[in-house]
Amino acid sequence: MSPEDPQETQPLLRPPGASAPRGRQVFVAAFAAALGPLSFGFALGYSSPAIPSLRKTAPPALRLGDDAASWFGAIVTLGAAAGGVLGGWLVDRVGRKLSLLLCAVPFVTGFAIITAARDVWMLLGGRLLTGLACGVASLVAPVYISEIAYPAVRGLLGSCVQLMVVTGILLAYVAGWVLEWRWLAVLGCVAPTLMLLLMCCMPETPHFLLTRHQHQEAMAALRFLWGSEEGWEEPPVRAEHQGFQLALVRRPGVYKPLIIGISLMAFQQLSGVNAIMFYANTIFEEAKFKDGSLASVTVSIIQVLFTAVAALIMDRAGRRLLLALSGVIMVFSMSAFGTYFKLIQSGPSNSSHVGLLEPISAEPADIHVGLAWLAIGSMCLFIAGDPQALWCLLAHRCLLHPQCPFHFDLCP
C-alpha cells in the first residue's frame, strides 16, 4: 500500500459515539504494560547507586575499577540497541502481548545474574541482558497501550509511558540509598515479574488480532477492555502492506519527518542525559557531596516532576516554544556544571564535603565546598530543561507521520 492511500490513515478502532465505553480493565492492562517502562527506568538508574556500592562493599573479585565502572553503566545501551531491533521484529510477528511477556524474561534473568555474580563479567552480562529487555519494552509497551486505549484516555495513558520510565529511575535511586547492590538487583526483579503475571491475564490488542483476521478474538478483547462494542466499526478490508521501498525516501512527506524525528532523538541522546542518569552518584561524590545518593534522588524527583509538567502543558504552550526553551536551559546548566568542575580542579583532593541538608548560609570549609551547590543546582536545572516526554513524543509523532513508514525506538 502506498503512503498516500487514505485508508492507511484510518484507525482500526473508530472513536466511540455518544456513549463512550468506560471499561476499567483498560487501565489494568495499561498498568501491566507500563511495568515494562518502569523496569526499563529501574535498569537505567541501577548503575548510579550500584557502582559506588560495588566499589566499596563488594568482594574483591567484584570490585569495579574506573574502566569496569564505565562499562557497567554504558553496556546497557548496547543491549538496548539490540533490543530495539528485536522488539521491532517481535511486535509484528508474535504480537504485542507476547512481546511484553518475552521481554520480562531477560529483565528477570539479567538482574538474577547480577545478584548471583561471582566476577565482573557476570555483572556486565547481567547488565547487557537487562539492556536487551529495555530495548524491547520501550518499543512494545507504547504500542500496546495506544492500541488498547479508547480515544478519551489514549493521550493520558500514552503520556504515562515516559513518566513510568523516569519513575523507575527515581525508584532505583531511592532504593539504592538504603540497599546495597545485590539487594537492589533483587528489587529489580519485582516489576518485570509482576508484569509477567498480570500480562498473562490481559488480552492481545484488537488491532493486532484484526491484522491476523481473528475477528471473534478481537471482539472479545474489545469487550474485555472497553466493556462494550458500541461505537466500534470494523475497518474496511485493505490490501496487504507492500513493505518499504527506497524510492519512498525521496518524497517530502517521508524524508522530512524522518530527518526531524531522527534529529530530535540524536540531540536528546547527545545532550548527556544518559551519562547523568548512569553515574549520578559518582558525579555528585566528585562534586564533594557527603551523600551522593541524596543528591541523585533530588535530581530524579525534579526529572519526574518536569516530565509530568511537560506532558501536561505541551498542548497548550506549543512544542516549538518548549523545545527551544529546553535547549537554552540545558546549554546554560551544562555550562555552569562544567564551570564548577573547572573551578575545583586546582583544589586539594582531601577538601571537606558538603551535606545536602546543611544550611546554605553555613560557612563552608573552603570555597570549593561552597561551590558544590553550583553542581546540584545546575544538574537540577539541566534535568528540568530535559523533559524527556517532550523529546520522545515529538520524535515519535514525526516518525509515525501518516506518510512516513518508519517506526523507531527511542531510549530515554
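Residues numbered from 1 in each chain as written. Predicted model: local features only at pLDDT ≥ 70, side-chain atom pairs only at ≥ 80, totals over all residues. Heavy atoms only, no water.

K.L.:
How should I be thinking about the state of the cysteines in this particular structure?
P.N.:
Linking two cysteines covalently via their sulfur atoms produces the bond known as a disulfide. By the definition in use, this model includes zero disulfides. The structure places no disulfide on C201, whose sulfur is separated from the nearest cysteine sulfur, that of C200, by 6.5 Å. (Disulfide = S-S within 2.5 Å.)

K.L.:
Sorry if this is basic, but what is going on with the packing of aromatic side chains here?
P.N.:
Each aromatic ring pair is specified by the distance between its two centres and by the angle formed by the two planes. Summed over all chains, the structure comprises three aromatic pairs. Centroid distance F42 to F111: 5.8 Å. Interplanar angle 70°. Geometry classified as edge-to-face. Placement of F42 in helix α1 (residues 25–56) and of F111 in helix α3 (residues 96–115) is noted, with a sequence separation of 69 residues between them. Both residues of the pair, F42 and F111, count as buried. Classification of F111 as buried rests on a relative accessible area of 1%. These aromatic residues form a ring-pair network of at least three members: F42, Y46, F72 and F111. It is R127 that lies over the ring of F72; its NZ or CZ is 5.2 Å from the centre. (Phe/Tyr/Trp six-rings, centres within 6.5 Å; stacked < 30°, edge-to-face > 60°. Helix = DSSP H or I, 4+ residues; strand = E, 2+ residues; numbered from the N terminus. Buried < 20%, exposed > 50% of the residue type's maximum accessible area, 1.4 Å probe, protein only. Lys NZ or Arg CZ within 6 Å of the ring centre and 35° of its normal.)

K.L.:
What am I meant to see in the side chain of S300 here?
P.N.:
Along the polypeptide, S300 turns up in helix α13 (residues 292–317). On the basis of relative accessibility, which here comes to 0%, the residue S300 falls in the buried class. Ignoring sequence-local partners within four residues, the contact set of S300 consists of V166, I169, L170 and Y173. (Contact = heavy atoms within 4.5 Å.)

K.L.:
Would you mind showing me how to read unusual backbone geometry here?
P.N.:
Backbone phi values are negative for most residues with the exception of glycine, while trans is the configuration of most peptide bonds. Phi is positive for H213, which is not a glycine, with a value near 60°. For H213, the location among the structural elements is in the loop between α8 (206–211) and α9 (215–226). With a relative accessible area of 66%, H213 lands in the exposed category.

Structural measurements only, silent on function.
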